[in-house]
Amino acid sequence: MQPSPWALALEAAREKPLLTALTENNPTSVGLSPLVELPPSPRYTPEAQGLIQARKALAKALGFAELFEQLCLTSGSSEALGLIFKLLGDSGEEVLVGLPSYPLLEPLVGFEGLHHIAYPLRLEEGAFRWDIPLLEERVGPHTKAIVASSPQAPTGCCLLPEEVLALETFCVQHGLALVVDQVFALRQHSLAGRPWQCLTFVLGGLSKWLGLPQHKLAWTWVLGPQPLVQEALRRWLWLADAYLCVSTPVQEALPAWLPLAEAFQSRVETRCTHNHTCLARLVPPGAAWQLWPREAGWTAVLRIPIAPDEEALALALVEAGVVVWPGYFFDFPVRGFMVVSLLAEEAAFEEAASRMAQVLAGLW
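Okay, so let's go over this structure.

How each quantity is defined
- Residue numbers restart at each chain and count upward from 1, following the sequence in its written direction.
- Restriction of local features to residues with pLDDT of at least 70 applies here, the model being predicted, together with a cutoff of 80 or more for giving and counting side-chain atom pairs; totals for whole chains, interfaces and linings are based on all residues.
- Heavy atoms from the whole structure form the basis of all side-chain values; hydrogens and water molecules are not counted.
- Think of it this way: any DSSP run of H or I at least four residues long counts as a helix, any run of E at least two long counts as a strand, and we number them from the N terminus.
- All radius of gyration figures rest on C-alpha atoms, and the globule criterion is 2.2 Å times the number of residues raised to 0.38.
- Between buried and exposed lies partly exposed: a residue is buried under 20% and exposed over 50% of the maximum accessible area for its type, with that area taken using a 1.4 Å probe on protein chains only.
- Whenever a carboxyl oxygen of Asp or Glu lies within 4 Å of a side-chain nitrogen of Lys or Arg, that contact is scored as a salt bridge.
- Here a helix's expected span is defined as the number of its residues, less one, multiplied by 1.5 Å.
- Of all possible arcs, the one meant is that of the directions from the helix axis to the C-beta atoms.
- We call two residues in contact when some of their heavy atoms are within 4.5 Å.
- Working definition: a ring pair exists when centres of Phe, Tyr or Trp rings (six-membered ring for Trp) sit within 6.5 Å. Plane angles under 30 degrees give stacked, over 60 give edge-to-face, the rest tilted.
- Counted as over-ring charges are cases with an Arg CZ or a Lys NZ within 6 Å of the ring centre that also lie within 35 degrees of the ring normal.
- Points on a 1 Å grid over protein atoms alone make up a cavity when a 1.4 Å probe fits among them but cannot get out, and a pocket when they form an open set with protein on both sides within 12 Å along at least five of seven lines; lining residues each have an atom within 4 Å of a point.
- Grid points are joined across faces, edges and corners, and a volume is the space filled by probe spheres set on the points.
- Under the convention adopted here, Pro, Cys and the residues Ala, Val, Leu, Ile, Met, Phe, Trp and Tyr are nonpolar, Asp, Glu, Lys and Arg are charged, and Gly plus all remaining residues are polar.

### Let's talk about the overall build of the protein chain
A tally of regular secondary structure across the protein chain gives 12 helices and 15 strands. On C-alpha atoms alone, the protein chain measures out to a radius of gyration of 21 Å, which is about the 21 Å that the 2.2 N^0.38 rule sets for 364 residues. Considering only C-alpha atoms, the protein chain reaches an extent of 60 × 50 × 40 Å along its principal axes. When burial is assessed residue by residue, the protein chain has 52% of its 364 residues classed as buried.

So, in structure tokens, the structure goes:
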């Protein structure tokens, strides 16, 4: 529970007038929220799976109207993951998680009394990919599920079709469930419409889909062979009914908000593309550091020499007034990474990225 040197340095530097956080992941802080009004809702008629009108509207907007009965609503993707881990495993059993990954996954697994088994993805041409032979070494008799993300956090890499097929086949062979976090996925990335042969949970949420993290709502598709789907839904409803966390006003407002998604996503993509291009221009020929290509998501990944280490570099950047994530924050399986959010307003990003490039040029 002790803060790291980077966290301590960040706390001490917060009063600096030129401190720019290139770690911002909240669209409401950078002028990207849609303008919406929340209607009053005095009625309270909870449904453990989510209000049917909200699920129907959401399923239609996401392109899979016929699957609304396999759609479950929660107050957030963390709650959804907690429910999934509860219904899949008992205390002491295992969940296999590919690295790098979202940093909350390990505690979320642990909160349910399960063991988080790290699986290092294979570094391959500027991307991390799933290696099925290595999976065979990690899976055991107590393994219940594999967790993947597409787009991956923080690299933005999307699962290749051959990776999806290999993971599905592996899960069928070993009797495992597959959990695919798709909170950063646009409609064209969605894996919800696939005819899954294993029990599969596909997650999304308003936080990234519509830029509304303050209006807590996420969704989970429960997919696969119908006997497995029906049993999973039966368990889900029993668990969710004990919490009933998802807000009624948000669900009732959802049909009116969904048409705003396309414009919001266009604004986010325009800004992320601009900022990534800006960063690419700052990499000098023959530089010791590299900017990875961007497939999707809101972050950029920089490959850096392993000396000085990631934390030392992050500390040097704090001194220069720029906040970035050291790679270890996302459990990269190898050293030498830095992660930058692309959400900052263009002018602020350009100025901070220039300072960052100067620091990097001075090190190597």
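### Some words on unusual backbone geometry
Of the consecutive residues Leu-99 and Pro-100, the connecting peptide bond is found in the cis state with omega at 10 degrees. Within the secondary structure, Pro-100 sits in the loop between strand 3 (94-99) and helix 4 (105-111). A cis geometry characterises the amide bond from Ala-307 onward to Pro-308, with omega recorded as -5 degrees. Relative to the helices and strands, Pro-308 resides in the loop between strand 12 (299-303) and helix 11 (310-319). The backbone of Leu-244 sits at a positive phi, close to 50 degrees, despite the residue not being glycine. For Leu-244, the position within the fold is in the loop between helix 8 (226-240) and helix 9 (248-257). At Asp-331, a position not held by glycine, the phi torsion is positive, near 55 degrees. When you line up the elements, Asp-331 lands in the loop between strand 14 (325-326) and strand 15 (337-341). We classify Asp-331 as partly exposed; its relative accessible area is 29%.

### Section: the pattern of salt bridges
Applying the stated rule across the entire model yields 13 salt bridges. When the shortest N-O distance is used, the salt bridge between Glu-231 and Arg-235 registers 2.8 Å. One end of the pair is Glu-231 and the other is Arg-235, both in helix 8 and four residues apart, which spans about a single turn. The partly exposed category is assigned to Glu-231, whose relative accessible area is 28%. For Arg-235, a relative accessible area of 39% gives the class partly exposed. Residues participating in the shared-partner salt-bridge network are Arg-122, Glu-124 and Asp-131.

### Thoughts on helix 8
The first and last C-alpha atoms of helix 8 sit 20 Å apart over 15 residues, in line with the 21 Å expected at 1.5 Å per residue. For helix 8, the complete set of buried residues consists of Val-229, Ala-232, Leu-233, Trp-236, Leu-239 and Ala-240. Considered in projection along helix 8, the buried side chains sweep an arc of 125 degrees and stay on one side of the axis. Opposite its buried face, helix 8 presents the exposed residues Pro-227, Arg-234 and Trp-238, each directed more than 90 degrees away. For helix 8, the elements touching its buried residues are strand 2 (71-74), helix 3 (77-88), strand 9 (200-205) and strand 10 (218-223).

### Focus: the packing of aromatic side chains
Inspection of every chain in the model, using the stated rule, returns 12 aromatic pairs. Centre to centre, the rings of Trp-325 and Phe-329 are 6.3 Å apart; their planes meet at 15 degrees, and the pair counts as stacked. Of the residues examined, Trp-325 reaches a relative accessible area of 10% and is grouped as buried. Assessed through its relative accessible area of 32%, Phe-329 is described here as partly exposed. Through a chain of ring-to-ring contacts, three or more aromatic side chains come together here, namely Phe-128, Trp-292, Phe-332 and Phe-337. A cation over a ring is seen here: Lys-56 above Phe-68, with NZ or CZ 5.2 Å from the ring centre.

### Focus: the layout of surface pockets
Of the volumes computed, that of the second largest pocket is approximately 280 Å³. Lining the second largest pocket are 15 residues, and of these Leu-88, Gly-175, Ala-177, Leu-199 and Leu-228 sit closest to its centre. At the level of elements, helix 3, strand 7 (143-149), helix 6 (161-174) and helix 8 are the ones that each hand at least two residues to the lining of the second largest pocket. Broken down by element, the lining of the second largest pocket gets its largest block of residues, four residues, from helix 8. Class assignment for the residues of the lining of the second largest pocket results in 10 nonpolar, two polar and three charged.

Without other data, these values stay purely geometric and don't point to any function.
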